[in-house]
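# Chain and residue survey
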Amino acid sequence: MPDRARGPLLVVGSMNADLVVRTSRLPRPGETVTGSDLVVSPGGKSSNQAAAAALLGADVRLLGRVGDDGNADLLLARARAAGVDIRRVERLPDVATGTAMIAVDRSGENFIIVSPGANAQFAAADVVAAADFFADGSVLCLCLEVDLSVVQAAAEAANAAGATVVLNPSPFQDLDERLLRLVDVLVVNEHELADLVGGEALGSPDAPDWERVLEELGSIGPRHVVVTLGSAGAVVLALDAAGAARVHAEPAPRVEVVDTTGCGDAFLGALASRLALGEDPGTACRFAVQVGSFAATRPGAQESYPTAAELDRFTGSLAGARSSAAEVVAEGASRSAE
Ligand code: RIB
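Thresholds applied
Residues numbered from 1 in each chain as written. Predicted model: local features only at pLDDT ≥ 70, side-chain atom pairs only at ≥ 80, totals over all residues. Heavy atoms only, no water. Helix = DSSP H or I, 4+ residues; strand = E, 2+ residues; numbered from the N terminus. Rg over C-alpha atoms; globule rule 2.2 N^0.38 Å. Buried < 20%, exposed > 50% of the residue type's maximum accessible area, 1.4 Å probe, protein only. Pairing = 2+ DSSP bridges. Axes fitted to C-alpha atoms, helices over the stretch in contact; angles between N-to-C directions. Near = heavy atom within 4 Å. Polar contact = N/O pair within 3.5 Å; in protein donor to acceptor, adjacent residues only side chain to side chain. Areas by Shrake-Rupley, 256 points an atom, 1.4 Å probe, with all protein chains shown as cover. Nonpolar A, V, L, I, M, F, W, Y, C, P; charged D, E, K, R; others polar. Expected span 1.5 Å × (residues − 1). Core = buried A, V, L, I, M, F, W, Y, C linked by side-chain atoms within 4.5 Å. Contact = heavy atoms within 4.5 Å. Patch = residues over 30% accessible without salt bridge, like charges linked within 9 Å, V, L, I, M, F, W, Y side chains within 5 Å. Salt bridge = Lys/Arg side-chain N within 4 Å of Asp/Glu carboxyl O.

## Structural notes on the overall build of the protein chain
When you go through the protein chain residue by residue, the secondary structure sums to 12 helices and 15 strands. Computed over C-alpha atoms, the radius of gyration of the protein chain comes to 19 Å, within 12% of the 20 Å expected from 2.2 N^0.38 for 338 residues, which places it in the range of a compact globule. Based on the C-alpha atoms only, the size of the protein chain along its principal axes is roughly 55 × 45 × 40 Å. Counting every position in the protein chain, which comprises 338 residues, the buried fraction comes to 53%.

## Comments concerning the sheet that holds strand E4 (residues 60-66)
What the 9 strands build is an open sheet, ordered E5-E4-E1-E8-E9-E10-E13-E14-E15; its pairing is mixed. Looking at strand neighbours, the two that pair on one side only are strand E5 (84-91) and strand E15 (245-250), the edges of this open sheet. Adjacent strand axes in the sheet meet at a mean angle of 15 degrees when their direction is disregarded. In the sheet, strand E10 (residues 185-189) pairs with strand E13 (residues 224-228) via 5 bridges, with the strands oriented parallel. Of the residues in E13, the one forming a bridge with valine 187 is valine 226.

## Section: the site of the ligand
Inspection of the region around the ligand gives Asn16, Asp18, Gly43, Gly44, Lys45, Asn48, Ala100, Val114, Glu145, Gly262, Asp265 and Ala301 as its neighbouring residues. A distance of 2.9 Å separates an oxygen atom of the ligand from a polar atom in the backbone of glycine 44. Within the side chain of aspartate 265, a nitrogen or oxygen atom sits 2.6 Å from an oxygen atom of the ligand. Bound to the protein, the ligand loses 96% of the 280 Å² it would expose on its own. Put simply, the parts of the chain that give the shell around the ligand at least two residues each are strand E2 (16-22) and helix H1 (45-55). Classifying every residue of the shell around the ligand by side-chain character gives 3 nonpolar, 5 polar and 4 charged.

## Brief notes about helix H9 (residues 263-275)
Counting along an α-helix, one turn takes 3.6 residues, and residues three or four places apart therefore face a common direction. An ideal rise of 1.5 Å per residue puts 18 Å on 13 residues; H9 measures up with 18 Å between its terminal C-alpha atoms. Buried residues dominate H9, accounting for 11 of its 13 residues. Among all positions in H9, only Cys263, Asp265, Ala266, Phe267, Leu268, Gly269, Ala270, Leu271, Ala272, Ser273 and Leu275 are buried.

## A closer look at the nonpolar core
Counting residues in each nonpolar core, the largest one holds 52 residues, and the members touching the most others are Val60, Val84, Val226 and Leu271. Counting residues per element, this core draws most heavily on helix H10 (residues 281-296), at 9 residues. When residues no more than four places from it in sequence are discounted, the contact partners of valine 226 are Val185, Leu186, Val187, Val188, Ala234, Val235, Val236, Phe267, Leu271 and Cys285. Counting residues in each nonpolar core, the second largest holds 45 residues, with Val165, Leu214, Leu229 and Ala232 among its members.

## Overview of the sheet that holds strand E6 (residues 98-104)
The strand order E3-E2-E6-E7 describes an open sheet built from 4 strands, whose pairing is mixed. In this open sheet, the two edge strands, each paired with only one partner strand, are strand E3 (39-43) and strand E7 (110-115). Mean inter-strand twist for the sheet, computed between neighbouring axes without regard to direction, equals 25 degrees. Contacts from helix H2 (residues 70-82) reach E2, E3 and E6 within the one sheet, and its direction differs from that of E3 by about 55 degrees.

## Focus: the pairing of E5
Here E4 runs beside E5; their pairing, made up of 6 bridges, is parallel. Its bridge partner lying in E5, leucine 63 is registered against arginine 88.

## Brief notes about a nonpolar patch on the surface
A cluster of nonpolar side chains, contributed by Met101, Phe111 and Ile113, occupies part of the molecular surface with about 270 Å² of accessible area. With respect to the helices and strands, the residue isoleucine 113 is situated in strand E7.

## A few points about the pattern of salt bridges
Counted according to the given criterion, the structure contains 16 salt bridges. Notably, a salt bridge pairs aspartate 259 with arginine 22, separated by 3.9 Å at the nearest N-O pair. Remark: arginine 22 occurs in strand E2 and aspartate 259 occurs in the loop between E15 and H9; sequence separation between them is 237 residues. Of the residues examined, arginine 22 reaches a relative accessible area of 29% and is grouped as partly exposed. A salt bridge links aspartate 68 to arginine 91; the shortest N-O distance between them is 3.2 Å. Taken together, the positions of aspartate 68 in the loop between E4 and H2 and arginine 91 in strand E5 put the pair 23 residues apart, joining distant regions of the chain. A residue is classified by how much of its surface remains accessible, and aspartate 68, at 52% relative accessible area, is exposed. A network of salt bridges, in which partner residues are shared, links Arg25, Arg28 and Glu31.

As structure tokens, this is what we get:
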């Protein structure tokens, strides 16, 4: 990874207003169910990542687009309150701010449909025009809720400026190698990983062949792949300087899940905030797992994210019950867990 650390954390990408309804269970196709009152809250994967990192004390800058409507007011006010520098978020006339329709069931599971709105007007030329945004950044966070050309342009600018590029390919779409070559840390869930490398390379679902996964992806670009496993924690796959694979499992604390919306974004924002301080991905992942777990205990995306003080109280209160990421690694044949 590039060795610049301690500069601001950069986030380029999406901002959505989340239109959330809770239901006892998610509807089947063609079915109508009755839910709770509608709650409108700040969301969007990039905006969530930025808020998560800023609430934890990171110096965060966001580059994105909103419309000129009430949802934009909400998003900008909440990002500013979280401590995110939003001076490079532009309001566009005659377009709606991005929205996400979200249903959450009583087990905390969700489905999400995104209407991109202003996020779809964000163009690669806007990134090129914002060259100074990247000048002193230490880490750049990217997701795929904006056009791939925007993601590519941002990764190129950050890479040229010596920053570490962190990509969460969500919502998933095929990635070309030009982008993967610029990525230092790839953060994926199991579904995204299967889409990326194919089921065969993953091996058995119970005992994924992590070394093979890393060989496949590392040969293209990312030297670090972080696989999030929900309540089982996360696994960090790293290629060392000699090209040897290392596998590190980070179990999650057991928590009562209220809502998993935005937990992955909280994880990524927290991970990036620690990479920006110069931590290695394995150490940063331990912190990120705690933040993601905390977020699952409260409703909403950004609404569920902890401040540093709240996280301290949460980690202090944990009884030490840990979940099974270590077992996921241990079950994998012929590989070594650190
Ligand atoms: O990852 C959760 C986010 O996905 C929500 O906040 C929603 O806006 C969608 O972007």
